[in-house]
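Chain and residue survey
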Amino acid sequence: MFAEIVFVGLPIDRDEVEEALEVAFGDDGEVTGAGSGLERCHLDLEIVGLDKTSAMERIQSVLAELGITECATLTVSD
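All of the points below concern the structure found in this document. (Residues numbered from 1 in each chain as written. Predicted model: local features only at pLDDT ≥ 70, side-chain atom pairs only at ≥ 80, totals over all residues. Heavy atoms only, no water.)

1. Brief notes about the nonpolar core
Among the nonpolar cores identified, the biggest contains 23 residues, and Ile5, Phe7, Leu21, Leu45, Ile47 and Ile59 are the most heavily contacted of them. For this core, the elements supplying multiple residues, two or more each, are strand S1 (2-8), helix H1 (14-25), strand S3 (40-47), helix H2 (52-66) and strand S4 (72-77). What Leu21 contacts, discounting residues up to four positions off in sequence, is Ile5, Val31, Leu43, Leu45, Ile59 and Val62. (Core = buried A, V, L, I, M, F, W, Y, C linked by side-chain atoms within 4.5 Å. Buried < 20%, exposed > 50% of the residue type's maximum accessible area, 1.4 Å probe, protein only. Helix = DSSP H or I, 4+ residues; strand = E, 2+ residues; numbered from the N terminus. Contact = heavy atoms within 4.5 Å.)

Okay, structure coming up:
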């Protein structure tokens, strides 16, 4: 499964988000791509061993812990 998180106006460093996701997913996923542009950035995750609902819940939990839910758009696809 693949997840893309797009951030607009991210108030923290993108590397902090990447590190938190890597810790949260452990062997179930990894950040496979990242990019930055004018006021936007994104992270790509490859997720294995989880269903779509569990993956989304885990991502949302990380975003909430970091206080960045409002600036994120999440897309998860098989």
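2. Re the pairing of strand S2 (residues 29-37)
As judged from the eight bridges shared by S2 and S3, these two strands associate in the antiparallel manner. Bridge pairing in S3 links Ser36 to Cys41. (Pairing = 2+ DSSP bridges.)

3. Points about the side chain of Asp44
Mapping Asp44 onto the fold places it in strand S3. One buried charged residue, Asp44, remains without a salt bridge, the closest side chain of opposite sign being Arg14 at 9.7 Å. With sequence-adjacent residues up to four places away left out, Asp44 is seen in contact with Phe2, Ala3, Glu4, Glu30, Val31, Thr32 and Gly33. (Lys, Arg positive; Asp, Glu negative; His and termini not counted. Salt bridge = Lys/Arg side-chain N within 4 Å of Asp/Glu carboxyl O.)

4. A few points about the sheet that holds S3
The sheet built from four strands is open, its strands ordered S2-S3-S1-S4 with antiparallel pairing. The two strands at the open ends of the sheet, each matched to only one other strand, are S2 and S4. Each neighbouring strand pair of the sheet contributes to a mean axis angle of 15 degrees, computed without reference to strand direction. Where S1 meets S4, six bridges bridge the pair, whose relative direction is antiparallel. Across the sheet, residue Phe7 finds its bridge partner in S4, namely Ala72. Helix-sheet contacts for H2 involve S1, S3 and S4, and the interaxial angle to S4 is about 160 degrees. (Axes fitted to C-alpha atoms, helices over the stretch in contact; angles between N-to-C directions.)

5. Comments concerning a negative patch on the surface
On the surface, Asp13, Asp15, Glu16 and Glu19 cluster together into a patch of negative charge. For Glu16, the location among the structural elements is in helix H1. For Glu16, a relative accessible area of 44% translates into the label partly exposed. (Patch = residues over 30% accessible without salt bridge, like charges linked within 9 Å, V, L, I, M, F, W, Y side chains within 5 Å. Areas by Shrake-Rupley, 256 points an atom, 1.4 Å probe, with all protein chains shown as cover. Charge placed at Lys NZ, Arg CZ, Asp CG, Glu CD.)

6. Concerning the pattern of salt bridges
Taken as a whole, this structure holds one salt bridge when the rule is applied. Across the pair Arg58 and Asp28 runs a salt bridge, and its minimum N-O distance is 3.1 Å. Of this pair, Arg58 sits in helix H2 while Asp28 sits in the loop between H1 and S2; the two residues are 30 residues apart in sequence, bridging distant segments of the chain. Overall, Arg58 belongs to the partly exposed group, its relative accessible area being 25%. According to the relative accessible area criterion, Asp28 is partly exposed, its value standing at 24%.

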